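Coordinate analysis (summary)
Below, each chain spelled out in residue letters.
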Amino acid sequence: GAGVSQSPSNKVTEKGKDVELRCDPISGHTALYWYRQSLGQGLEFLIYFQGNSAPDKSGLPSDRFSAERTGGSVSTLTIQRTQQEDSAVYLCASSLAGFETQYFGPGTRLLVL
Amino acid sequence: AQRVTQPEKLLSVFKGAPVELKCNYSYSGSPELFWYVQYSRQRLQLLLRHISRESIKGFTADLNKGETSFHLKKPFAQEEDSAMYYCALIGTGTASKLTFGTGTRLQVTL
């Protein structure tokens, strides 16, 4: 079946602009995760959604970052007033449930000029 | 706090030679350990997890709680093993988020 998909694959934006990154998880997966992969920080957790529970936002680096998951499926990660240090690859993953194997999408490469 | 350490950024071996990618972790409870691999131009994918005790593509990893290690091993390296390898853990009660090491690039040469 189809894996996790993300769009856009690449995004170039100017400092101060807002961006939205989209993730389509594997159908039927109740858990969805966002991670960030950057040169300076490696792979770091951002936010986790599990079913209808309140999301775990403990990894979001600042209040400029937010995410939502509509209808228990598609998720959007929004970065407001982007900064150059936001440049990274943003990865989405999904799993059948918490603690199950996480399947990753191809990522969105964000470049903030 | 939980932490995963991969001391080697790059490991270069000859084809047919044994491979050992090191991973050490710190976590006060009983973590679940994983190895993820990212081949060139491909997405991050699970290689193996310690609870399944499987051997995938000839790779194995044993959880050593005394040494808090989860080293990845393969007796004979193949060219197609060249990739970036990440060790990761999930701590119980941490909402199943993965904590990753910084990764080791394995380069298998002829």
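This report concerns the structure included in the present document.

Quick look at the overall build of chain A
Across its full length, chain A carries 0 helices and 10 strands. Going from N to C terminus, chain A has its helices and strands arranged as β-β-β-β-β-β-β-β-β-β. Radius of gyration (C-alpha) of chain A: 13 Å, near the 13 Å computed for a compact globule of 113 residues. Once the C-alpha set of chain A is aligned to its principal axes, its extents read approximately 35 × 30 × 25 Å. Within chain A, the proportion of its 113 residues that are buried is 49%. Counting only contacts in chain A whose residues sit at least 6 apart along the sequence, the fraction spanning at least 24 positions is 56%.

What about the interface of chain B and chain A?
Every contact between the two is made by 16 residues of chain B and, on the other side, 19 residues of chain A. Its largest share of buried area at the contact with chain A, chain B owes to Arg43, Ser96 and Lys97 of chain B, together 34% of the area lost on that side. Inspection of the chain B/chain A interface yields 9 residue pairs in polar contact (both at pLDDT 80 or more). Those elements that place two or more of their residues in the side of chain B that touches chain A are strand S5 (32-38), strand S6 (45-49) and strand S9 (83-90) of chain B. Ranked by residues supplied to the side of chain B that touches chain A, first place goes to S5 of chain B with 3 residues. For the side of chain B that touches chain A, a count of residues per class yields 8 nonpolar, 4 polar and 4 charged.

As for the side chain of Arg64 of chain A
Residues and elements named next belong to chain A. Turning to its location among the elements, Arg64 is positioned in the loop between strand S5 (42-50) and strand S6 (65-69). Accessibility expressed as a relative area gives 13% for Arg64, which makes it buried. A polar contact of 3.2 Å, which involves the side chain of Arg64, links it to the backbone oxygen of Arg81.

Considering the sheet that holds strand S3 (residues 19-21) of chain B
One open sheet holds the 3 strands; their spatial order is S3-S8-S7 (chain B), and the pairing between them is antiparallel. Looking along the sheet, the strands with just one partner apiece sit at the ends: S3 and strand S7 (60-61) of chain B.

Section: the state of the cysteines
All names here are of chain B. Counting across every chain of the model gives 2 disulfides over all chains. Each disulfide pairs two cysteine sulfurs, and for Cys23 the partner residue is Cys87, the sulfurs being separated by 2.0 Å. Judged by the sign of its S-S torsion, about -65°, the cystine formed by Cys23 and Cys87 is left-handed. Linking Cys23 in the loop between S3 and strand S4 (24-26) with Cys87 in strand S9, this pair joins segments that are 64 residues apart in sequence. For Cys23, a relative accessible area of 0% translates into the label buried.

So, how was this worked out
- Residues numbered from 1 in each chain as written.
- Chains lettered and ligands numbered in written order.
- Predicted model: local features only at pLDDT ≥ 70, side-chain atom pairs only at ≥ 80, totals over all residues.
- Heavy atoms only, no water.
- Helix = DSSP H or I, 4+ residues; strand = E, 2+ residues; numbered from the N terminus.
- Rg over C-alpha atoms; globule rule 2.2 N^0.38 Å.
- Buried < 20%, exposed > 50% of the residue type's maximum accessible area, 1.4 Å probe, protein only.
- Contact = heavy atoms within 4.5 Å.
- Buried area = accessible area lost by both parts, 1.4 Å probe.
- Polar contact = N/O pair within 3.5 Å; in protein donor to acceptor, adjacent residues only side chain to side chain.
- Nonpolar A, V, L, I, M, F, W, Y, C, P; charged D, E, K, R; others polar.
- Pairing = 2+ DSSP bridges.
- Disulfide = S-S within 2.5 Å.

Everything listed here is a matter of geometry and, on its own, says nothing about what the molecule does.
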